[in-house]
Amino acid sequence: MTKITAAITGVSGYVPEYVLTNKELETMVETNDEWIVTRTGIKERRILKGEGLGTSYMCNIAVKDLLTKTNTQPEEVDLLICATTTPDMVFPATANLICEAVGAKNAFGYDLQAACSGFIFALATGSRFIESGRYKKVIIVGADKMSSIINYKDRTTCIIFGDGGGAVMLEPNTEGLGILDDILKSDGSGASFLNMKAGGSRYPASAETLARNEHTVYQEGTTVFKFAVKGMADVAAEVMERNNLTGDDIAWLVPHQANKRIIDATAARMSIGSEKVMMNIDRYGNTTSGTIPLCLWDYESKLKKGDNIILAAFGGGFTWGSLYVKWAYDPVQA
Ligand SMILES: CC(C)(COP(=O)(O)OP(=O)(O)OC[C@H]1O[C@@H](n2cnc3c(N)ncnc32)[C@H](O)[C@@H]1OP(=O)(O)O)[C@@H](O)C(=O)NCCC(=O)NCCS
């Protein structure tokens, strides 16, 4: 029997219009453009403004565009997985809201939460549905409205995060293209270094949790940085070794955009030059589940059928992982 793999057959993305620059952050907290650029690589990030607009607002736009680009009727979609850490509501799942908004009436949907590794965890998970032979069109969304859980008085976190996201279509392939391997890891001992303490079942929202600022991201940056450098580089190197790939074989690294220095360390470990590294952290900052699909969206016109691509991410949990993907299509001529 011919082996079925899950190929990415289209990419789409969305970032909100409002640009929060380092200059504007200088008016909000004790920081400066030079520090932010040298320590993180970030120059600006996007913020979703507007009463009642949640993560699904951005996803709906990206998914509608994806359906158009891939010539897909919404009724044809079998499954939609939404990776997000900032769902519209605790329940129902944001995936459900997206399916309703785009008219994917025959799809089932659910959310997946793995912080900054959410998109690659969802991509690996979604690929299994395709590989089973039972599902033909699976949409993987990765998006976050990080501005909804950031304390804009905390200079160690508010400079990093932004809003945005993207989506990819997965379809069966029998030419050996698509998602070929994945290594995914979790380590709950990292929970204390990067979390949002309240608003869940352990510490439900109360006047006290609000007063203690426990509804925003808490991060011990230096500890997370050390784990991220090692975790992301280790797992990217491991997936390459397992598939007999050297730096020369790799067309692109698609890294989670948390800090330019973490990305540079991963590329160095893989022995690839910066010209092969997708980077948009300067424009969007860290959009959590959104970074990897936003990179694919930005760089789609440069990708060629057969390109060997390594995706790698690290995030809260801790969670981390890497995927080996053989790109399935050439750029569409305008
Ligand atoms: C958050 C992060 C950018 C901070 O960079 P860093 O080099 O570790 O900086 P430190 O926290 O050691 O702080 C160095 C100094 O800069 C100061 N500083 C921190 N934030 C600052 C800011 N926005 N502007 C100016 N100074 C700042 C600190 O107070 C500290 O000052 P001190 O030396 O007088 O105490 C970095 O740790 C990081 O990127 N961490 C990982 C983030 C990540 O990957 N998350 C993954 C999951 S998404």
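Structure's up top.
Enquirer: Account for the overall build of the protein chain, naming residues and giving values.
Expert: Secondary structure summary: the protein chain contains 11 helices and 13 strands in total. Here the protein chain has a C-alpha radius of gyration of 19 Å; the compact-globule value for 334 residues is 20 Å, and the two agree. Dimensions of the protein chain along its principal axes, counting C-alpha atoms only, are 60 × 45 × 40 Å. Counting only residues that meet the buried cut, the protein chain has 55% of its 334 residues in that class. The contacts of the protein chain with a sequence gap of at least 6 include a subset with a gap of at least 24, amounting to 75%.

Enquirer: Describe the layout of surface pockets, listing the residues and the values that go with them.
Expert: Quantified by volume, the largest pocket comes out at close to 1100 Å³. Lining the largest pocket are 35 residues; nearest its centre among them are T85, Q113, I149, N195 and M196. Grouping the constituent residues of the lining of the largest pocket by class yields 15 nonpolar, 15 polar and five charged. The volume enclosed by the second largest pocket comes to roughly 630 Å³. Where the lining of the second largest pocket is concerned, the elements lending two or more residues are α2 (33–40), α6 (155–158), α8 (221–242), α9 (260–269) and β12 (308–315). Per-element tally for the lining of the second largest pocket: the top contributor is α8, with six residues. Residue composition of the lining of the second largest pocket, by class: 13 nonpolar, 11 polar and four charged.

Enquirer: I'd like a description of unusual backbone geometry, backed by residues and values.
Expert: Going from F91 to P92, the amide bond is cis rather than trans, its omega being 0°. Inspection of the secondary structure puts P92 in the loop between β4 (79–83) and α4 (94–102). In this chain, G317 is followed by F318 through a cis amide linkage whose omega measures -10°. With respect to the helices, strands and loops of the structure, F318 is situated in the loop between β12 and β13 (319–326). Unusually for a residue other than glycine, N71 sits at a positive phi of about 55°. Inspection of the secondary structure puts N71 in the loop between α3 (55–69) and β4.

Enquirer: Please give an account of the packing of α8 against α9 that cites residues and values.
Expert: Where α8 meets α9, the closest approach of the two axes is 9 Å, and the angle between their N-to-C directions is 30°. On the basis of the axis angle, α8 is roughly parallel to α9. The hand of the α8/α9 crossing is right-handed. Of the residues in α9, those touching α8 at F225, A228, V229, M232, A233, D234, A236 and A237 are R261, I262, A265, T266 and R269. Along the lines of polarity and charge, the residues of the contact of α8 with α9 split into nine nonpolar, one polar and three charged.

Rules of the game
- Residues numbered from 1 in each chain as written.
- Predicted model: local features only at pLDDT ≥ 70, side-chain atom pairs only at ≥ 80, totals over all residues.
- Heavy atoms only, no water.
- Helix = DSSP H or I, 4+ residues; strand = E, 2+ residues; numbered from the N terminus.
- Rg over C-alpha atoms; globule rule 2.2 N^0.38 Å.
- Buried < 20%, exposed > 50% of the residue type's maximum accessible area, 1.4 Å probe, protein only.
- Contact = heavy atoms within 4.5 Å.
- 1 Å grid on protein atoms, 1.4 Å probe; cavity = no way out; pocket = protein on both sides within 12 Å on 5 of 7 lines; lining within 4 Å.
- Points joined across faces, edges and corners; volume = space filled by probe spheres on them.
- Nonpolar A, V, L, I, M, F, W, Y, C, P; charged D, E, K, R; others polar.
- Axes fitted to C-alpha atoms, helices over the stretch in contact; angles between N-to-C directions.
- Parallel < 35°, antiparallel > 145°, perpendicular 65-115°, else oblique.
- Left-handed = near helix turned anticlockwise from the far one by under 90°.

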